[in-house]
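Given next are the chains, with one letter for each unit.
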Amino acid sequence: MIITIFSEDEFAKRSIIALNLAAHCAQSQRRVLLADATSLQYALGWNTRRRAAGAKQKITVRGSVDLESDLENPASYYRVHYPETVVDADGSDARNTNAALVVTDVLVIPVHSRQDCNRQALIERIEAARLFNPALRILVVEVQSISAFGAGANTETSPAQALAKEILTATLAETVIHEWIDDRRIFDRGLSVFEASPRNERAVAEIEDLYLEIAQARSQPVEQAANSLAILHALQRRTQEKELCHVGIDVLQPQPGRIDSAG
């Protein structure tokens, strides 16, 4: 299964979710690949610190070099040897992000409760991906801040819920991922929530529950009516973009018999 964690919002805890999901897969002795398609190479940096710390869990981490061809080729070494692949993508590298979306089984979109994302641009990108990957499943996950006293932040409106309603066939995850006080410390040490000492059992449970929802989303059939409508939207948008481009070119062309008022 290929899971892509995608968000352009740095407050959405995207990379930490990605590496913890990879660590969860490694817990079950499954071969797992963590692909870093971010501009700041969060996962690669985490892996460097991880090796220095002598972490025991085996997680293969790779960067974006040749990632597009390796993801799109079912016979590539990585596709054949790693039954579980987690892609950390922030949209900075459009080619690798698009390549991931084309082959992704489940797209996980973390949305912070206090940060409203650019929903329209995100929706358009996902609908375009459906043209090449009509079986794409989408899971929107809410990320909440948490206080030193363990209370989650309460918000009257949820950006995650709003996004899930606007993306056709998307599902809002029941699992809520919290921003824990020790998140940064664990990340900076090259560890996952499964290896931290002492373990934050609530953080561990959130990742385990999220993975179960991802696996469930993967096994569910795609709602054909909504999926067909999403593909239709993408086709209509592409047609409109081509028409606008064509009109723009025509306007620039000199017209026969036209006299420039400035001349």
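These numbers were taken from a predicted model, which means no experiment stands behind them.

Chemist: Would you mind showing me how to read the nonpolar core here?
Modeler: Considering soluble globular proteins, one finds that nonpolar side chains tend to be buried as a cluster. In terms of nonpolar packing, the biggest core is built from 37 residues, with Ile 5, Leu 21, Leu 34, Ile 59, Leu 210 and Ile 214 touching the most fellow members. Take this core: its biggest share by element is nine residues, from helix H1 (residues 14-27). With sequence-adjacent residues up to four places away left out, Ile 5 is seen in contact with Arg 14, Ile 17, Ala 18, Leu 21, Val 86, Val 87, Asp 88, Ala 89, Val 108 and Pro 110. Ranked by size, the runner-up nonpolar core spans 26 residues in total, among them Phe 6, Ala 37, Ala 89 and Leu 122.

Chemist: Please clarify how the packing of aromatic side chains should be interpreted in this entry.
Modeler: Both the distance between ring centres and the angle between the ring planes are used here to describe each pair of aromatic rings. Scanning the model with the defined rule gives three aromatic pairs in all. With a centroid separation of 6.4 Å and 75 degrees between ring planes, the pair formed by Tyr 77 and Tyr 82 is classed as edge-to-face. When its relative accessible area of 49% is taken as the criterion, Tyr 77 is described as partly exposed. Given the relative accessible area of 13%, Tyr 82 is considered buried. One aromatic cluster is present, formed by Tyr 77, Tyr 78 and Tyr 82 through successive ring pairs. Directly above the ring of Phe 187 sits Arg 49, whose terminal nitrogen or CZ lies 5.0 Å from the centroid. One residue, Arg 62, lies across the ring of Tyr 78, its end atom 4.6 Å from the ring centre.

Chemist: So what exactly am I meant to see when it comes to helix H6 (residues 119-130) here?
Modeler: The periodicity of an α-helix, 3.6 residues per turn, causes residues three or four positions apart to be oriented the same way. The terminal C-alpha atoms of H6 lie 17 Å apart, and with twelve residues this matches the ideal 16 Å at 1.5 Å per residue to within 8%. Within H6, burial applies to Leu 122, Ile 123, Arg 125, Ile 126, Glu 127, Ala 129 and Arg 130.

Rules of the game
- Residues numbered from 1 in each chain as written.
- Predicted model: local features only at pLDDT ≥ 70, side-chain atom pairs only at ≥ 80, totals over all residues.
- Heavy atoms only, no water.
- Core = buried A, V, L, I, M, F, W, Y, C linked by side-chain atoms within 4.5 Å.
- Buried < 20%, exposed > 50% of the residue type's maximum accessible area, 1.4 Å probe, protein only.
- Helix = DSSP H or I, 4+ residues; strand = E, 2+ residues; numbered from the N terminus.
- Contact = heavy atoms within 4.5 Å.
- Phe/Tyr/Trp six-rings, centres within 6.5 Å; stacked < 30°, edge-to-face > 60°.
- Lys NZ or Arg CZ within 6 Å of the ring centre and 35° of its normal.
- Expected span 1.5 Å × (residues − 1).

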